[in-house]
Amino acid sequence: ESLLFLINEILDLTKIEAGQLELFVANLDIRHVVEDAVDSVASRALRKGLEICCYFDPRIATCVSGDPDRLRQIMLNLLSNAIKFTKSGQVYVVVEQEEVTTTHATFRFKVYDSGIGISEKGQKKLFNRFSQVDSSTTREFGGTGLGLAISKEFAQLMNGSMGVNSTPNVGSLFWFTAMFQRRSEDHANYVIELTHDKPPTVMLVASNETLRNSFLRIIEGIGLHVISVVSTEQMAESDQAFDVVILCPSAAYEEGHSLAASIQADGSTTSKYGDDLKTVWTSLHELLKVRPSVKSIILCPLTQLSQATQFRKVRGCNVVSRPTRMSVLRDALLQAIDMSPVNPIPHPMPEANSNKTSDLALFPYEIVGTRILVAMLDNAQGMVLKAMLTRDTHQCFMCSNMLELAANIKQSPTGWNYDVMFLEQGSSNLDPKESQDYADLEIVRQVRKVEAAAGIHLLKRLFIVGVVTSMESEECAECLRAGADTCMPKPIRRINVSDVMDLRSQPLALESTTTMSKQTRAHEPGSRKVRVLVVDDDNGQRTLLKTMLTKEGYDVDTAEDGDIAVKRAQRVRYQVILMDGFMPNKTGWEATKEIRADELVRGLAATTRCAIIGVTGATSKEDEAKCFEAGMTDVISKPVKREKLVQKIVKWTQMKEETLSEEGEEVGAATADSLVAAKPKMLAAVILDTDKTNRVVLKGILKGLGALADFASTHTECMGLIESKEIDFVLLNTTMEGFDYITTLDEIRRVHDVHDADLMPILAISAMETDANTLIRVGFTNVLQKPFDRNIVKQIISMHLQPAEPEPDSMTFMSAPKDDERDEKELRVLIVEDHWANRRLLEAMLRKQGGTYLMEAVENGLEAVNITGVRQYDLILMDCNMPIMDGWQ
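Here goes a summary of the coordinates provided. Model, not experiment: these values are computed from the prediction.

1. Considering the overall build of the protein chain
And step 1. Each helix and strand counted, the protein chain has 30 helices and 32 strands in total.
And step 2. When the 889 residues of the protein chain are sorted by exposure, 47% land in the buried category.
And step 3. Across the protein chain, contacts joining residues at least 24 apart in sequence account for 68% of those joining residues at least 6 apart.
And step 4. As displayed, the protein chain offers around 45000 Å² of accessible surface, 51% of which is attributable to carbon and sulfur atoms.

2. Here's the deal with the packing of aromatic side chains
And step 1. The tally for this structure, following the rule as stated, stands at eight aromatic pairs.
And step 2. Pairing F582 with W589 gives two aromatic rings, centres 4.9 Å apart and planes at 85 degrees, and the pair type is edge-to-face.
And step 3. With relative accessibility at 64%, the residue F582 sits in the exposed group.
And step 4. What links up through ring pairs into an aromatic cluster is the set F107, F109, F176 and F180.

3. Looking at the sheet that holds strand β25 (residues 683-688)
And step 1. Taken together, the five strands give an open sheet; going across it, the order is β26-β25-β27-β28-β29, and neighbouring strands pair in parallel fashion. Strand pairing shows two members of the sheet lacking a second neighbour, β26 (707-712) and β29 (782-785), which therefore form its edges. Going across the sheet, the axis of each strand differs from the next one's by a mean of 25 degrees, ignoring polarity.
And step 2. As judged from the four bridges shared by strand β28 (residues 762-766) and β29, these two strands associate in the parallel manner. From the neighbouring strand, S766 faces β29, where its bridge partner is Q785.

4. Let's talk about the pattern of salt bridges
And step 1. As enumerated under the stated definition, the model contains 24 salt bridges in all.
And step 2. Connected through salt bridges with shared partners, the residues E35, D36, D39 and R325 form a single ionic network.

5. Comments concerning the sheet that holds strand β24 (residues 634-637)
And step 1. Spatial strand order, β21-β20-β22-β23-β24: five strands in an open sheet with parallel pairing. The outermost strands of the open sheet, each flanked by one partner alone, are β21 (555-559) and β24. Averaged over all neighbouring strand pairs, the angle between strand axes comes to 20 degrees, with direction disregarded.
And step 2. With five bridges joining them, strand β20 (residues 531-535) and β21 adopt parallel strand pairing. Residue pairing for β21: V535 is matched across the bridge by A559.

6. A few points about unusual backbone geometry
And step 1. Between R322 and P323 the backbone carries a cis peptide bond, its omega angle lying at 5 degrees.
And step 2. With respect to the helices and strands, the residue P323 is situated in the loop between β12 (317-322) and α11 (326-338).
And step 3. With an omega of 0 degrees, the peptide bond between K490 and P491 qualifies as cis.
And step 4. Residue placement: P491 occurs in the loop between β19 (486-489) and α17 (494-515).
And step 5. One non-glycine residue, N159, lies in the positive phi region at around 60 degrees.

7. Topic: the pairing of strand β2 (residues 51-56)
And step 1. Burial runs high along β2: five of the six residues are buried.
And step 2. Summarising the sheet, β2 and strand β4 (residues 90-100) pair through six bridges and their orientation is parallel. Residue pairing across strands places Y55 opposite V94, the latter belonging to β4.

8. A few points about the nonpolar core
And step 1. With 98 residues, the main nonpolar core has I30, M75, F107, F109, I246 and F311 as its most contacted residues.
And step 2. Ranked by residues supplied to this core, first place goes to helix α2 (residues 30-47) with nine residues.
And step 3. Setting aside its immediate chain neighbours within four residues, M75 contacts V34, A37, V93, F109, V111 and F176.
And step 4. Grouped together as the second largest cluster of nonpolar side chains are 24 residues, F739, L745, A772 and V783 included.

9. Considering helix α3 (residues 68-84)
And step 1. Between its first and last C-alpha, α3 extends 24 Å over 17 residues, near the 24 Å set by a 1.5 Å rise per residue.
And step 2. One side-chain oxygen of the residue at the start of α3 lies 3.1 Å from the amide nitrogen of D69, identifying that residue as D67.

10. Regarding the packing of helix α24 (residues 692-704) against helix α28 (residues 790-800)
And step 1. For the pair α24 and α28, interaxial distance at closest approach is 10 Å and the crossing angle is 55 degrees. Taken as axis vectors, α24 and α28 run oblique relative to one another. Seen from above, α24 lies across α28 with right-handed handedness. Residues G700, I701 and L702 of α24 form the contact with α28, whose own contacting residues are R790, V793, K794 and I797.
And step 2. A breakdown of the residues in the contact of α24 with α28 according to their chemical character gives four nonpolar, one polar and two charged.

11. A word on the packing of helix α21 (residues 588-601) against helix α22 (residues 621-630)
And step 1. Following both chains from N to C, one finds α21 and α22 inclined at 25 degrees, their axes separated by 8 Å at the closest point. Classed by the angle they form, the pair α21 and α22 counts as roughly parallel. On α22, the residues that touch W589, T592, K593 and R596 of α21 are K626, C627 and A630.

12. A look at helix α7 (residues 209-222)
And step 1. Along its 14 residues, α7 runs 20 Å from first to last C-alpha, staying within 8% of the 20 Å computed at 1.5 Å per residue.
And step 2. The element α7 is largely enclosed, with a buried count of 10 among its 14 residues.
And step 3. Listed in full, the buried residues belonging to α7 are T210, L211, R212, S214, F215, L216, I218, I219, G221 and I222.
And step 4. At the N-terminal boundary of α7, the capping side chain belongs to N208, with an oxygen 3.1 Å from the backbone nitrogen of T210.

13. Looking at the pairing of strand β7 (residues 171-182)
And step 1. In terms of burial, β7 is a largely internal element, nine of the 12 residues being buried.
And step 2. Pairing analysis gives two bridges linking strand β3 (residues 63-66) to β7, with the strands arranged antiparallel. Looking at β7, one finds that S65 is bridged to Q181.
And step 3. Sheet analysis places strand β5 (residues 104-113) next to β7, joined by 10 bridges and oriented antiparallel. What sits directly across from D113, in β7, is S172.
And step 4. Here strand β6 (residues 162-167) pairs with β7 via six bridges, running antiparallel. Note on β7: the bridge partner recorded for M162 is F176.
And step 5. In sequence, β6 turns back onto β7 through a hairpin of three residues, with N169 there showing a positive phi of about 65 degrees.

Parameters and conventions
Residues numbered from 1 in each chain as written. Predicted model: local features only at pLDDT ≥ 70, side-chain atom pairs only at ≥ 80, totals over all residues. Heavy atoms only, no water. Helix = DSSP H or I, 4+ residues; strand = E, 2+ residues; numbered from the N terminus. Buried < 20%, exposed > 50% of the residue type's maximum accessible area, 1.4 Å probe, protein only. Contact = heavy atoms within 4.5 Å. Areas by Shrake-Rupley, 256 points an atom, 1.4 Å probe, with all protein chains shown as cover. Phe/Tyr/Trp six-rings, centres within 6.5 Å; stacked < 30°, edge-to-face > 60°. Pairing = 2+ DSSP bridges. Axes fitted to C-alpha atoms, helices over the stretch in contact; angles between N-to-C directions. Salt bridge = Lys/Arg side-chain N within 4 Å of Asp/Glu carboxyl O. Core = buried A, V, L, I, M, F, W, Y, C linked by side-chain atoms within 4.5 Å. Expected span 1.5 Å × (residues − 1). Polar contact = N/O pair within 3.5 Å; in protein donor to acceptor, adjacent residues only side chain to side chain. Parallel < 35°, antiparallel > 145°, perpendicular 65-115°, else oblique. Left-handed = near helix turned anticlockwise from the far one by under 90°. Nonpolar A, V, L, I, M, F, W, Y, C, P; charged D, E, K, R; others polar.

Right under this line is the structure:
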């Protein structure tokens, strides 16, 4: 990564020297770009114990046109340097609007730090290329000396400049200006419009002066009255009235410092770190004993979120990560204000001498969020999972055994008291006798049984994740069979946890999509993100493609080979997969075939399958054909250009969304019309044919007949389609090279016999008239000759799909009535034939005769002898060569 970063800097430098570096102009919100940059480096600063914050006046218009990438690059460079050269104190970002005209706006960006500082001599050569203040700096802190030189060039390209003010051993201020084109649309309105004259009062508690002043100015700019104090002790001593308290724990903390452990260790209310989490916890409880109606917001440092889980149990307390975005802070304040009751609800005061740490009766307001229950045998892995989930602001609860788990899961008026459950199979640590009633998978089955009986809606179901040793194990299969929604392997990894939580949100997204209009579902700013998987064994190519797509707003995951891609595609619903061809372990073509086969097994319609775009260095027609034969949707050649790649992704995602939209409208119309009159059923066909011309022609003909066709290229794909959905008829191209149509025909008949007693037409596609009799003899219903005649094809298909006239008891298979119950006009027929296709063919021929036949069939002569000993037949059709006993015998 360091090498890649260095190469990128050198490339930028060469472009600047050649005069070929051009700015990319796009619509952007400066506030979001700056906040993104601060978020990117925040964990680094907080791990060093540094405060990092940003001030941007909430009333300034920030929606402009410019180059967001170059602006972000400058900010990241300055912030990284500030953190690198600061050992204690803070890093502080200020953005000011300097000059505004009718068409343009100039902004000044300042990055302060309390680091080692720079001498006047060092400042003079600071912006030279490949230069450092002194050689010891390079040895201690690293760096190439290119970052500031390139950043200054970028600032000048944006009609601005860059400079520095610094004092050794005190700190530095790096600043730059940039000009942007103004946009007509308004910026996001962060000012709170109050409905009453007196604004709510906010008490701000922050020990760091820079942090305190920053939030003080922001909250005043939002439109609220704010008072600030340095510590929780001053807050307790204050006699001023306030409605909301904002508490800012210190960023300097001891590694492994746990809130719960600290509280249990001693009852003291002070800490050598100042207002850390422990002090805030104790002070908040003491405050609410005196002022129970006050709402609280904890601005918790990003790196300490996993230790602040106890605050989520406190009603009326909202935990927000720090650094804090303007929009998040505003929403938290709005929530706190809106929650204030007109007539405060009286709450019983605890006893004066109570020292309990969980006076939850003082907190009458619930925090809304995803409630997750974790039940794992491996306590260390369970804590890792809990930390990851808590970091993502979920409410997480642990169970130590199955009895506790069974007791914790309860029904609520809207479904369950938890939203998600992570369950490790075999996680019961009870005695065998006790564990029988509380076996982990039995709990899953009971949950599903209750949901089925109660008719709980899909969106209210408990989302169950099985934690297993391997995704390929029988353990995983058992979990899914028991009713788990998905599984996740150990050891716990963040990417797997993110995939699982994303998977949980998909039913909600699909539910909302069906109710949205066609216009809303189009690709508009703010619409649903397209999720893309980049599969390539070359790290540089993966990084390049991911960077391209991330900048375009796509949600991108990566995989190193085809084997990993298949596993991820089975767990996550991707809209697009970019697939390389030649890769170790499993090639892109092999992976594509497996993904398509898995989609068939799951019964996904063509409109819901992911678009797989082959990324190949080969440009010949044969290579493209190989990609299409494997099941890829499209192909793009290397080197990949961003514009062309985005065009292809937009093309296929829009096409699928439009199809889904049209189908959704048709389904909605059909549902409404069905209240008046039932609509005729749409016919479904499967066509096994690799000839693209045949596919196009047949698709058009079938569409005219009101039939929808799914195409297959292999025997496996064809059987997968037939087994996964209800099919009315099948077309097989018998002229394909190397295709054993007899085997496919027999297997289709065998499978269809299991599901349906009616004969399903199977039509052969042939190029020679002489083949027709042979094909019908082996079991095909009829033959379509190439080249296709539209009228003849329609006539043949329509003839075999005509619905039979309803004649009760007119034709029964293997269940003929007794002789004294039989109508004299009925003719009883026994078919003795060991070949399945021939039996069905004979049955079809008799049916077409128009008479009333009661038909039964057996497979060999011995069965025929036995059945004729107890039943009399009018006609026996006897095959000659059969196993066990032939026809002559």
